[in-house]
Amino acid sequence: GAELFFYVREDRTGRMVAAGAELVGGAGVVGAAAGMTRLPCFSMSQPFASLLLYGQKTIETRNNEMFNGVEGRVAVHVGRRPWKDTAYLDRLNEAGLSAERVKHLCSLPQGFAAGDIIGTVVVGPTHLGSHEERGSAAVEAGVVARRDDMGKYLTPVSDPAWLPRGVTVPGRPGVWEVDV
């Protein structure tokens, strides 16, 4: 997949906003000078957003077909409400991660906050996971959740890339488009 370098600027309130993007490797500006690049975007709760961008979470699940027809590079937005329970901590501890590592993986870096687009990932094809598949050790590790705590539709996620700084935008349900 193509790699993008994002340019950011301060808006009139002092927040960082996307100002453009450039394809890495000299392919030229695809952002500000060429009218911005449009990417699909989805919102997810923290800490799963940071787990996804740090590469610990490699499968996204939903109880609906939200990602059907969406494949390739997408932007990740952090919802304003954090996740409702801490069962994910059991999965991370079972993986043998230190308390320090877990804290790091579950935290947004400086310059990022709830309500921001924080990075991009590549999503693969979505499929309805069987009860058995969702209970497999590999899927539970990739989702960072037990079978009963995950959605039924599985979407592989790869190639996470943090933006240089968070870009604040209002979240929306489902998949929507953003210009970066």
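These numbers were taken from a predicted model, which means no experiment stands behind them.

Rules of the game
Residues numbered from 1 in each chain as written. Predicted model: local features only at pLDDT ≥ 70, side-chain atom pairs only at ≥ 80, totals over all residues. Heavy atoms only, no water. Helix = DSSP H or I, 4+ residues; strand = E, 2+ residues; numbered from the N terminus. Buried < 20%, exposed > 50% of the residue type's maximum accessible area, 1.4 Å probe, protein only. Contact = heavy atoms within 4.5 Å. Areas by Shrake-Rupley, 256 points an atom, 1.4 Å probe, with all protein chains shown as cover. pLDDT = per-residue confidence, 0-100. Salt bridge = Lys/Arg side-chain N within 4 Å of Asp/Glu carboxyl O. Pairing = 2+ DSSP bridges.

Chemist: Outline the overall build of the protein chain, listing residues and values.
Modeler: Counting secondary structure elements, the protein chain contains five helices and 10 strands. Sorting the 180 residues of the protein chain into buried and exposed places 42% on the buried side. Of the contacts formed within the protein chain by residues at least 6 apart in sequence, a portion of 76% connects residues at least 24 apart. With the model as given, the accessible surface of the protein chain reaches about 9400 Å², and the carbon-plus-sulfur share is 50%.

Chemist: Report on the environment of Cys41, specifying residues and quantitative values.
Modeler: As for its position among the elements, Cys41 is in strand E4 (residues 38–44). For Cys41, the residues in contact, after removing those within four places along its chain, are Ala75, His77, Ile117, Gly174, Val175, Trp176 and Val178.

Chemist: So, the confidence of the model for the protein chain: which residues are in play, and what are the values?
Modeler: A residue-level look at the protein chain finds 80% of positions with pLDDT of 70 or above and a mean pLDDT of 85. Considering only residues more than four positions removed or in separate chains, one finds that residues 25–33, a stretch of pLDDT under 50, has 19 contacts.

Chemist: Can you break down the pattern of salt bridges residue by residue, with the values?
Modeler: Per the stated rule, a full pass over the model turns up eight salt bridges. Asp159 serves as the salt-bridge partner of Arg73, at 2.4 Å between the closest nitrogen and oxygen. With Arg73 in strand E6 (residues 72–78) and Asp159 in strand E9 (residues 153–168), the pair connects residues that are 86 residues apart, well separated along the chain. Put simply, Arg146 and Glu140 hold a salt bridge, and the shortest N to O gap is 3.2 Å. You can call Arg146 partly exposed: its relative accessible area is 35%. When salt bridges with common partners are traced through the structure, they connect Arg91, Glu94, Glu140 and Arg146 into a single cluster.

Chemist: Got a sec to walk through the pairing of strand E7 (residues 116–123)? Specific residues and values, please.
Modeler: With seven of eight residues buried, E7 is to be regarded as a mostly interior element. In the sheet, E6 pairs with E7 via six bridges, with the strands oriented antiparallel. The residue bridging Val74 from the neighbouring strand is Val121, located in E7.

Chemist: Outline the environment of Val74, supporting the account with residue identities and numerical values.
Modeler: Looking at the secondary structure, you find Val74 in strand E6. Residues Val74 and Cys41, spaced 33 residues apart in sequence, show a C-alpha to C-alpha distance of 5.4 Å. Beyond its immediate chain neighbours, meaning those up to four positions away, Val74 contacts Pro40, Phe42, Gly119, Thr120, Val121 and Val123.

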